[in-house]
Amino acid sequence: MENLDATLDQMVDHILNYNEIEFLDLVQFIWRRGWALENAEPPHDELELRCALKACLIERMAEIWNAPPKNSNEVIPAWCLKIPALSNSFSVIKPEEQSLWEGESGNDIFRKRNIFAPSEFMFFL
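Residue numbers restart at each chain and count upward from 1, following the sequence in its written direction. The predicted nature of this model means local features are confined to residues of pLDDT at least 70 and side-chain atom pairs, given and counted, to a pLDDT of 80 or more, with totals for whole chains, interfaces and linings taken over all residues. Here the side-chain values reflect all heavy atoms present in the structure, with hydrogen atoms and water set aside.

Draft legend 1. Helix α2 (residues 20–33), seen in detail. The first and last C-alpha atoms of α2 sit 20 Å apart over 14 residues, in line with the 20 Å expected at 1.5 Å per residue. Here's how the labels work: a residue is buried when its accessible area is under 20% of the maximum for its type, exposed when over 50%, partly exposed in between, all with a 1.4 Å probe on protein chains only. Counting from the N terminus, the helices are the DSSP runs of H or I reaching at least four residues and the strands are the DSSP runs of E reaching at least two. Along α2, the residues that are buried comprise Phe23, Leu24, Leu26, Val27, Phe29 and Ile30. Of the residues trailing α2, glycine 34 is marked for its positive phi of about 75°. Here the expected length of a helix is defined as 1.5 Å per residue gap, with one fewer gap than residues.

Draft legend 2. Spatial organisation of unusual backbone geometry. Proline 69 follows proline 68 through a cis peptide bond whose omega is 10°. Examined against the element boundaries, proline 69 turns out to sit in the loop between α3 (48–66) and β1 (90–91).

Draft legend 3. Structural context of the packing of aromatic side chains. Here the aromatic set is Phe, Tyr and Trp, taking the six-membered ring for Trp, and pairing holds for ring centres within 6.5 Å; pairs whose planes are under 30 degrees apart are stacked, those over 60 apart are edge-to-face, and all others are tilted. Tallying each qualifying case throughout the model produces 6 aromatic pairs. The interplanar angle of 15° and the centroid separation of 6.3 Å between the aromatic rings of tyrosine 18 and phenylalanine 90 together place this pair among those described as stacked. Taken together, the residues tyrosine 18 in the loop between α1 (4–16) and α2 and phenylalanine 90 in strand β1 connect sequence positions 72 residues apart. On the accessibility criterion, tyrosine 18 (22% relative accessible area) is partly exposed. A relative accessible area of 15% places phenylalanine 90 in the buried class. Ring geometry for phenylalanine 23 against phenylalanine 121: centres 5.6 Å apart, planes inclined by 10°, an arrangement best described as stacked. On the criterion of sequence distance, the pair formed by phenylalanine 23 in helix α2 and phenylalanine 121 in the segment after β2 (115–116) is long-range, its members being 98 residues apart. Just as phenylalanine 23 is buried, phenylalanine 121 falls in that class too.

Draft legend 4. Representation of the side chain of threonine 7. You can see threonine 7 is positioned in helix α1. For threonine 7, a relative accessible area of 0% translates into the label buried. Nitrogen and oxygen atoms within 3.5 Å of one another constitute a polar contact, given that in protein one can donate a hydrogen and the other can accept it, and given that sequence-neighbouring residues count only through two side-chain atoms. Of the polar contacts made by the side chain of threonine 7, one reaches the backbone oxygen of asparagine 3; its length is 2.9 Å.

Draft legend 5. Quick look at the layout of surface pockets. Lining residues are defined by having an atom within 4 Å of a point belonging to a cavity or pocket. Those points lie on a 1 Å grid over the protein atoms alone, cavities being sets where a 1.4 Å probe fits but cannot get out and pockets being open sets with protein on both sides within 12 Å along at least five of seven lines. Grid points are joined across faces, edges and corners, and a volume is the space filled by probe spheres set on the points. Reported here for the largest pocket is a volume of approximately 320 Å³. Residue lining of the largest pocket: 16 residues in total, with Glu20, Val92, Ile93, Pro118 and Phe121 positioned closest to the centre. Here the lining of the largest pocket takes 3 residues from α2, the largest share from any one element. Residue type decides the class: Asp, Glu, Lys and Arg count as charged, Ala, Val, Leu, Ile, Met, Phe, Trp, Tyr, Cys and Pro as nonpolar, and the leftover types, Gly among them, as polar. Here the lining of the largest pocket is composed, by residue class, of 11 nonpolar, 1 polar and 4 charged.

Draft legend 6. Summary view of the packing of α1 against α3. Helix axes are fitted only over the stretch in contact, all axes being lines through C-alpha atoms; the angle between N-to-C directions runs from 0 to 180 degrees. Packing of α1 against α3 brings their axes to within 10 Å, and their N-to-C directions diverge by 110°. Between α1 and α3, the interaxial angle falls into the category roughly perpendicular. Relative to α3, the crossing made by α1 is right-handed. Touching Asp5, Leu8, Asp9, Met11, Val12, Asp13, Ile15 and Leu16 of α1 are Leu49, Arg50, Leu53, Lys54, Leu57, Ile58 and Met61, all from α3. Its residues assigned to classes, the contact of α1 with α3 comprises 10 nonpolar, no polar and 5 charged. Just so you know how the angles are binned, under 35 degrees is roughly parallel, over 145 roughly antiparallel, 65 to 115 roughly perpendicular, and the rest oblique. Less than a right angle of anticlockwise turn of the near helix away from the far helix marks a crossing as left-handed, whereas a clockwise turn marks it as right-handed. Throughout, a residue-residue contact means that at least one pair of heavy atoms, one from each residue, lies within 4.5 Å.

Draft legend 7. Just the nonpolar core, in detail. Membership of the largest hydrophobic core comes to 39 residues, with the highest contact counts inside it found for Met11, Phe23, Ile30, Leu57, Met61, Val92 and Ile115. Only α1, α2, α3, α4 (108–111) and β2 provide two or more residues apiece to this core. Broken down by element, this core gets its largest block of residues, 11 residues, from α3. If we skip the residues at most four places from it in the chain, leucine 57 touches Met11, Val12, Ile15, Phe23, Phe110 and Met122. As used in this record, nonpolar core signifies buried Ala, Val, Leu, Ile, Met, Phe, Trp, Tyr and Cys residues forming a set joined through side-chain atoms within 4.5 Å.

The following block contains the structure:
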């Protein structure tokens, strides 16, 4: 992985394949590299799910990194705000484990795009 956008695309791939460990490794990789999230390019992908996931990931990383104890000053790229909700819902949780999350409202960033992610998704950082 040579840049932020390639890494974000790989993160989306890992979510779609429910590869949680590999996904979380890439979150850490982006943080350690110090890449500014505002430099992420708009998705060139036509699949609405990939676009929505990429926008959610950037927004969630900015939310986490801007909060204590990191207190970063990440800015979300303007294109993220233009990515609409999915017409069909999606969950970042493996289908066989989704019943464990019944009743959980989920993370607001993902929920606004009709994606379920636990409320503390990615918060291990």
